[in-house]
Amino acid sequence: MKTFREEGREVPAVRDVSFEIRDKEFVAIVGPSGCGKSTILNMIGGLVAPTSGRIEIDGRAVTGVPPNVGYVFQKDTVFPWRTVARNIALGLEYRGVTGTEQERRVREGIRLVGLEGFEEAYPATLSGGMRQRVALMRTLVVDPEILLMDEPFGALDTHTKLNLHAELLALWEAKHQTVVFVTHDLSEAITLADRIVVMTRRPGRVKMLYDVALPRPRDVIKLRESEEYAREYGQIWHVLGEEFAGARL
Ligand SMILES: Nc1ncnc2c1ncn2[C@@H]1O[C@H](COP(=O)(O)OP(=O)(O)O)[C@@H](O)[C@H]1O
Ligand SMILES: [Mg+2]
């Protein structure tokens, strides 16, 4: 449970939220705006403490930012005064990875997100999709075991979003980080996740835990034409749609 103080009152953001995430699992959290998705992610990432209850990673309570966790936010958080290569190097710098090892990992990271040729470019000269690739790789380059993503593609157009879904899935197939991906976009959640946590409107509770029974590897374009996809979408929307309908924002 998490409450925030607002004008002297305790306002609940999430309540009775309890679920477990398996090692290497890709979990999406979906729900209407304001239902507490970011709050849950921030608690997992040690940025916000729960008011009651606890978050555990590998059986240990989270009390600060865990060392093996990487965070990607919606608002692209790349630094405008650093080049693509220097932005990606940042996480490595924090961890004291320097010299040729740093260079090697930055080069590899740039290749993995298809930004070769843009090493020395500044973020202002890039598209939104490219900037989010930089932000993603800056987090992945340090090899986190747990990846927390808060609507990372929320500001992108559909085409760019699909491209990034395909890239994220390819990167995940290679490393199998444990991913917690927050989104209000159900199609995005189905495309990416093994399991979906469906939240109620605020104050958020867990309404349903849904296993996505779609085989991998997934083709992000073809998937959407398939009957299986339509069936999964329909089943979840049946439950989630009520929450969107009832949300007063
Ligand atoms: N730092 C904060 N102070 C006060 N209220 C907050 C704070 N962060 C979030 N809230 C409130 O908690 C609720 C859940 O917010 P949030 O986790 O951001 O939802 P979501 O990410 O699902 O849109 C909202 O009602 C929001 O206004
Ligand atoms: Mg949010």
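In this text, all values refer to a predicted model and were calculated from it rather than measured experimentally. Per chain, residues are indexed from 1 in the order of the written sequence. Chains and ligands are labelled by the order in which they are written, letters from A for the one and numbers from 1 for the other. With pLDDT at 70 or above as the cut-off, local features in this predicted model cover only qualifying residues; side-chain atom pairs require 80 or more to be listed or tallied, and sums for whole chains, interfaces and linings still use all residues. In computing side-chain values, all of the structure's heavy atoms are included and hydrogens and water are not.

Caption draft 1: Local environment of the nonpolar core. Within the largest apolar cluster, 54 residues are counted, with the highest numbers of intra-cluster contacts made by M149, I196 and I236. Note that the domain bounds reflect an automated or database-derived domain assignment. Residue contributions to this core reach at least three from each of two domains, namely domain 1 (2-68 + 145-246) and domain 2 (82-143). The contact rule is simple, with two residues in contact once any of their heavy atoms fall within 4.5 Å. If we skip the residues at most four places from it in the chain, I196 touches A28, V30, L186, A189, I190, M208, L209, Y210, V212 and I236. The nonpolar core is taken to be a set of buried Ala, Val, Leu, Ile, Met, Phe, Trp, Tyr and Cys residues, with the residues joined through side-chain atoms within 4.5 Å. Burial status follows relative accessibility: with a 1.4 Å probe on protein chains alone, a residue under 20% of its type maximum counts as buried, one over 50% as exposed, and anything between as partly exposed. Among the nonpolar cores identified, the runner-up in size contains 20 residues, and V14, C35, V182 and M199 belong to it.

Caption draft 2: Representation of the side chain of T83 in the model. Think of it this way: any DSSP run of H or I at least four residues long counts as a helix, any run of E at least two long counts as a strand, and we number them from the N terminus. Its place among the elements puts T83 in the loop between strand 6 (69-72) and helix 2 (84-94). Beyond its immediate stretch of four places on either side in the chain, T83 contacts E119, E120, A121 and Y122.

Caption draft 3: Geometry of the sheet that holds strand 10 (residues 206-211). The rule for pairing is simple: two strands pair if DSSP sees at least two bridges between them. Spatially, six strands are ordered 6-7-8-3-9-10 in an open sheet, and the strand pairing comes out mixed. The outermost strands of the open sheet, each flanked by one partner alone, are strand 6 and strand 10. For this sheet the average axis-to-axis angle between neighbouring strands, irrespective of direction, equals 15°. The pairing of strand 6 with strand 7 (residues 146-150) spans four bridges and is parallel. Note on method: axes are straight lines fitted to C-alpha atoms, helices fitted across the in-contact stretch only, with angles between N-to-C directions ranging 0 to 180 degrees.

Caption draft 4: Representation of unusual backbone geometry in the model. Of note, the amide linkage connecting R202 to P203 takes the cis form, showing an omega dihedral of -5°. The residue P203 is located in the loop between strand 9 (195-199) and strand 10 in this model. That bond from R216 to P217 is cis: its omega, -5°, falls within 30 degrees of zero. With respect to the helices and strands, P217 occurs in the loop between strand 10 and helix 7 (227-246). Notably, D16 is not glycine yet its phi reads approximately 50°, a positive angle. Considering the arrangement of structural elements, one finds D16 in the loop between strand 2 (9-14) and strand 3 (26-30). With a relative accessible area of 62%, D16 lands in the exposed category. Despite not being glycine, E151 shows a phi value in the positive range, around 45°. Inspection of the secondary structure puts E151 in the loop between strand 7 and helix 5 (158-175).

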